[in-house]
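Next come the chains, spelled out residue by residue.
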Amino acid sequence: MSKTAETEGALETRGIEQVPDHERTARTRELFPTWVGANISVLLLTMGASLVVAYRLNFWQALVVAAAAPVVSYGLVGLIGIAGKRGGAPGMALSRAVFGQRGNLLPGSLIWIARWGWETINAVTGAYAVLTVLDIVFGIKANSVLDMVTLLAFVVATFAISGLGINAVQKCNKYATYLFGAFSVLVLGYLIVDTDWSAVFDRSAGSVAAMITGVGLIAAGGVSWIPSAPDFTRYLPRTASSKGIVGVTVGGAGIVVLPMVLMGMIMAVSTPDLASAADPVSFLGEILPTWIAVPYLLIALIGMLLINSMSMYSAGFTAQTLGFKIPRHWAVSVNAVISLVFGGVLMLVATSFMGSFIAFLSLLAVAFSAWVGVFGADMLRGREYDGEAMADTSRTSAYWYRGGFSPAAVAAWAVGLAAGLMFTTSDWFTGPLAANNFVGEYGLGWVATVVISGALYAVLPKPALVVPAAQAARAAEREPATV
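Remember, it's a predicted structure, so these values are computed and weren't measured experimentally. (Residues numbered from 1 in each chain as written. Predicted model: local features only at pLDDT ≥ 70, side-chain atom pairs only at ≥ 80, totals over all residues. Heavy atoms only, no water.)

### A look at helix 2 (residues 43-53)
With 10 of 11 residues buried, helix 2 lies mostly within the body of the structure. All of the buried residues in helix 2 are Leu43, Leu44, Leu45, Thr46, Met47, Gly48, Ala49, Ser50, Leu51 and Val52. (Buried < 20%, exposed > 50% of the residue type's maximum accessible area, 1.4 Å probe, protein only. Helix = DSSP H or I, 4+ residues; strand = E, 2+ residues; numbered from the N terminus.)

### Comments concerning the pattern of salt bridges
Considering all chains together, one arrives at six salt bridges under this definition. With a closest N to O distance of 3.1 Å, aspartate 21 and arginine 238 form a salt bridge. Of the two residues, aspartate 21 is situated in the segment before helix 1 (31-37) and arginine 238 in the loop between helix 10 (208-223) and helix 11 (242-270); the sequence distance between them amounts to 217 residues. Judged by relative accessible area, which is 40%, arginine 238 ranks as partly exposed. Between arginine 383 and aspartate 378 there is a salt bridge; the shortest N-O distance is 2.8 Å. Where salt bridges share partners, they join Asp21, Arg24 and Arg238 into one cluster. (Salt bridge = Lys/Arg side-chain N within 4 Å of Asp/Glu carboxyl O.)

### Some details on the packing of helix 3 (residues 59-87) against helix 10
Packing of helix 3 against helix 10 leaves a shortest axis separation of 8 Å and a crossing angle of 40°. Relative to helix 10, the element helix 3 is oriented oblique. Where helix 3 crosses over helix 10, the two elements pack in a sense that is right-handed. Contacts from Gln61, Val64, Val65, Ala68, Ala69, Ser73, Tyr74 and Val77 in helix 3 reach Met211, Gly214, Val215, Ile218, Ala219, Gly221, Gly222 and Val223 in helix 10. Along the lines of polarity and charge, the residues of the contact of helix 3 with helix 10 split into 11 nonpolar, five polar and no charged. (Axes fitted to C-alpha atoms, helices over the stretch in contact; angles between N-to-C directions. Parallel < 35°, antiparallel > 145°, perpendicular 65-115°, else oblique. Left-handed = near helix turned anticlockwise from the far one by under 90°. Contact = heavy atoms within 4.5 Å. Nonpolar A, V, L, I, M, F, W, Y, C, P; charged D, E, K, R; others polar.)

### A few points about the confidence of the model for the protein
When the pLDDT values of the protein are averaged, the result is 83; 86% of them are 70 or greater. Segment residues 1-9: pLDDT under 50, and 28 contacts once partners within four positions in sequence are set aside and those in other chains are kept. Scored below 50 in pLDDT, residues 478-483 makes one contact in the model with residues more than four places away or belonging to other chains. (pLDDT = per-residue confidence, 0-100.)

### So, the packing of helix 6 (residues 105-138) against helix 17 (residues 407-422)
Contact pair helix 6 / helix 17: the axes reach a minimum separation of 10 Å and the direction vectors enclose 40°. The angle between helix 6 and helix 17 falls in the class oblique. For the pair helix 6 and helix 17, the contacting residues are Leu106, Pro107 and Leu110 in the first and Val410, Trp413 and Leu417 in the second.

### Description of the environment of serine 270
Inspection of the secondary structure puts serine 270 in helix 11. Between the C-alpha atom of serine 270 and that of aspartate 196, which follows or precedes it by 74 residues, the distance is 7.9 Å.

### Some thoughts on empty space enclosed by the protein
Scanning all chains against the criterion turns up three cavities of 30 Å³ or more. What the largest cavity holds in volume is close to 160 Å³. In this structure, the largest cavity is lined by 18 residues; those nearest its centre are Asn39, Leu44, Met47, Trp118 and Gly221. Counting residues per element, the ones that place at least two in the lining of the largest cavity are helix 2, helix 3, helix 6 and helix 10. Here the lining of the largest cavity gets four residues from one element, more than from any other, and that element is helix 3. When the residues that make up the lining of the largest cavity are grouped by side-chain class, the tally is 12 nonpolar, six polar and no charged. (1 Å grid on protein atoms, 1.4 Å probe; cavity = no way out; pocket = protein on both sides within 12 Å on 5 of 7 lines; lining within 4 Å. Points joined across faces, edges and corners; volume = space filled by probe spheres on them.)

### As for the packing of aromatic side chains
Scanning all chains against the criterion turns up 11 aromatic pairs. Each ring, one from tryptophan 35 and one from phenylalanine 232, has its centre 5.6 Å from the other, and the planes form 80°; the classification is edge-to-face. Within this pair, whereas tryptophan 35 is found in helix 1, its partner phenylalanine 232 is found in the loop between helix 10 and helix 11, the two being separated by 197 residues in sequence. Overall, the relative accessible area of 2% leaves tryptophan 35 in the buried class. Ring geometry for phenylalanine 438 and tyrosine 442: centres 4.3 Å apart, planes at 25°, overall stacked. Taken together, Trp35, Tyr74, Trp225 and Phe232 form an aromatic cluster joined through their ring pairs. Here lysine 462 stacks its cationic end above the ring of tyrosine 457, 4.8 Å away from the centre of that ring. (Phe/Tyr/Trp six-rings, centres within 6.5 Å; stacked < 30°, edge-to-face > 60°. Lys NZ or Arg CZ within 6 Å of the ring centre and 35° of its normal.)

### Topic: a nonpolar patch on the surface
Taken together, the side chains of Val337, Val341, Phe342, Val345, Leu348 and Val349 make up a nonpolar region of the molecular surface, amounting to roughly 550 Å² of accessible area. Here phenylalanine 342 shows up in helix 14 (residues 328-348). The class of phenylalanine 342 is partly exposed, set by a relative accessible area of 40%. (Patch = residues over 30% accessible without salt bridge, like charges linked within 9 Å, V, L, I, M, F, W, Y side chains within 5 Å. Areas by Shrake-Rupley, 256 points an atom, 1.4 Å probe, with all protein chains shown as cover.)

### Looking at unusual backbone geometry
Phi is positive for tyrosine 401, which is not a glycine, with a value near 50°. Inspection of the secondary structure assignment puts tyrosine 401 in the loop between helix 16 (387-391) and helix 17. In this structure tyrosine 401 comes out as buried when scored by relative accessible area, which is 16%. The residue asparagine 436 is not glycine, and still its phi comes out positive at about 65°. Overall, the relative accessible area of 74% leaves asparagine 436 in the exposed class.

Right under this line is the structure:
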């Protein structure tokens, strides 16, 4: 990340306000380690195992799923990231221009709550990684007290990194990328030598419906990053290549997702109970030799710290757009406390981690997709973002529209969300249209959400953008006098 007045120090102080053009000197290639770091998670191994155990896919089908999922999900991340270089502000601040100052509170609240679950899942996974290392190296067995101690340590470390800001997050991502890449090659080499490849390639093929559903499963993690994409592109200059943003985003994610999912699939052939394990980490101590498992888990732990740090970093902005009148690094603390509480409940009470995780992913994708459809359709109209109007939450804002709401955006979002849920199946909720139709049976509820909300917003009449007299007068005062 470029050295600017706001990012050069240890603590980033800029919040949801628009970044001035003279500070926007970042480079597109700096996004690559960001999206590599966003995927350094052993959960991808477990999801790869699910393709074999739950969806009954063979190696070649899993390969197609693992290649398609990051292209679909992180392609959308990259596209929405273009708004960041246009508007120079976080995603949920830019969203005010679309939904209105009050209307933005509706999708903002849902996205903020959904982030609680994502951060909780990652915090618990990180805590399990620590517990597994303690067991392998020192023979210390997990118990309720130790569970909570490791969870607390993980959340505190996450808060420290995310609270510092984007410079700290991106520097950590850069070094984690090199470490994780090196050890992933080592793990892959071990699997190549140790795996019974006849068992891998002799598996019968699964259904096309299972493949498409599998793409949705793997893509859900990427979909959760879409509203955050502008958070990491707002320091790019307006002249930055849009194609470059999309390409670097997909490339950074794909270089991790593809091999991780395939490794999980290969591991599951010899260890079928991997996908239904009580926790998503301990199996590595059984499959890999200690000299590989321990450093790999430690590096994966760093990766999960970074994933949660990125999520909490964005969640701080979301909290500010919801009206929390506190600095970004303190807004982050709200999510830290919530993930600690929910993480404790999941570790102490839940009987199946993966069951809870997959059910959560199904609903998470729909929750984020409703916003994606509306915001994406609006962005395609060539929207320009007024920094002063975004910051003004009063009736004088150009984004006040009708009573603080954009009726077209709010209606399209609500209808798309409801429709997507009707087509969705999970352990927690099954919609009335989840069976006996192509969308429901192929797990495309989140795709239906994007399409319905985006199409509806495109055809509905939009409120006029009216610049209040007071704002026009202030703009006139800033114009240099002419003689």
